[in-house]
Amino acid sequence: MGAPIVSVVCYCDDCQEGARQIEALPNATSFRDADGGTPLLTYRDDRFSCSAGEDLLVSYKIREGAPTRRVVASCCNSAMFLKYRPGFWVSAYRARFEGDLPPLEMRTQIQHRRADADLPRDVSCYRGFPMRLFAKLIAARVSMLLGR
Ligand SMILES: [Zn+2]
């Protein structure tokens, strides 16, 4: 799959609600950090594919009309990835990866983070989605359009 566009932990209310709903499915295990953040590795659409078991994937939306669907392996109710409909990227749940993983780059939407746990100061934290994140997405889009 190559390098991700970005490696983040997201605390937005949609990620938290999506995780709550998926974790409530039978046999599901948590794929979040202890402080409620969701670690994600974001890949270009053209660099992301399912190696096996695609027919077992089921999509969930946190509410009707939501632009994002969260995809779960129906055999074990493991959260696999999330897909924001207008976007050209896929955000895969870091919990599904093994081995040497890209380092975490930023924590986003900490305005929605639970206040009762200390905020890790390992990487930059942002109240919303920072320009730094959009710049990475734009750069990835330009590369895709140039066929690189
Ligand atoms: Zn989020």
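A quick note: this is a predicted structure, and the numbers were derived from the prediction, not measured. (Residues numbered from 1 in each chain as written. Predicted model: local features only at pLDDT ≥ 70, side-chain atom pairs only at ≥ 80, totals over all residues.)

Participant: How should I be thinking about the overall build of the chain in this particular structure?
Facilitator: A tally of regular secondary structure across the chain gives two helices and eight strands. N-terminal to C-terminal, the α/β element order of the chain is β-α-β-β-β-β-β-β-β-α. For 148 residues, the compact-globule estimate of 2.2 N^0.38 gives 15 Å, and the C-alpha radius of gyration of the chain, at 15 Å, lies within 12% of that figure. Overall, the chain is about 45 × 40 × 35 Å in size when its C-alpha atoms are taken along their principal axes. (Helix = DSSP H or I, 4+ residues; strand = E, 2+ residues; numbered from the N terminus. Rg over C-alpha atoms; globule rule 2.2 N^0.38 Å.)

Participant: Explain the sheet that holds strand β6 (residues 89–93) to me, please; I cannot follow it from the model alone.
Facilitator: Two pairing modes exist for strands in a sheet, parallel and antiparallel, and in both the strands are linked by backbone hydrogen bonds. The strand order β3-β4-β5-β6-β2-β1-β7-β8 describes an open sheet built from eight strands, whose pairing is mixed. The open sheet is flanked by β3 (57–60) and β8 (124–125), the only strands paired with a single partner. Each of β1 (6–10), β2 (38–44), β3, β4 (68–73) and β5 (78–84) is contacted by helix α1 (residues 13–23), which is oriented at about 30° to β4, the strand it contacts most. (Pairing = 2+ DSSP bridges. Contact = placed C-beta atoms within 7 Å. Axes fitted to C-alpha atoms, helices over the stretch in contact; angles between N-to-C directions.)

Participant: Please clarify how the environment of Pro 4 should be interpreted in this entry.
Facilitator: Checked against the element boundaries, Pro 4 lands in the segment before β1. When the C-alpha atoms of Pro 4 and Leu 40 are compared, they prove to be 9.7 Å apart, with 36 residues separating the residues in sequence. Every residue in contact with Pro 4, bar those within four places of it in the chain, is listed here: Leu 41, Thr 42, Tyr 43 and Pro 102.

Participant: Please explain α1 as it appears in this structure.
Facilitator: It helps to recall that an α-helix has 3.6 residues per turn; residues three or four apart then point in one direction. Within α1, burial applies to Asp 14, Cys 15, Gln 16, Gly 18, Ala 19 and Ile 22. Each element contacted by the buried residues of α1 is listed here: β1, β2, β3, β4 and β5. (Buried ≥ 20, exposed ≤ 12 C-beta atoms within 10 Å, placed from the backbone.)

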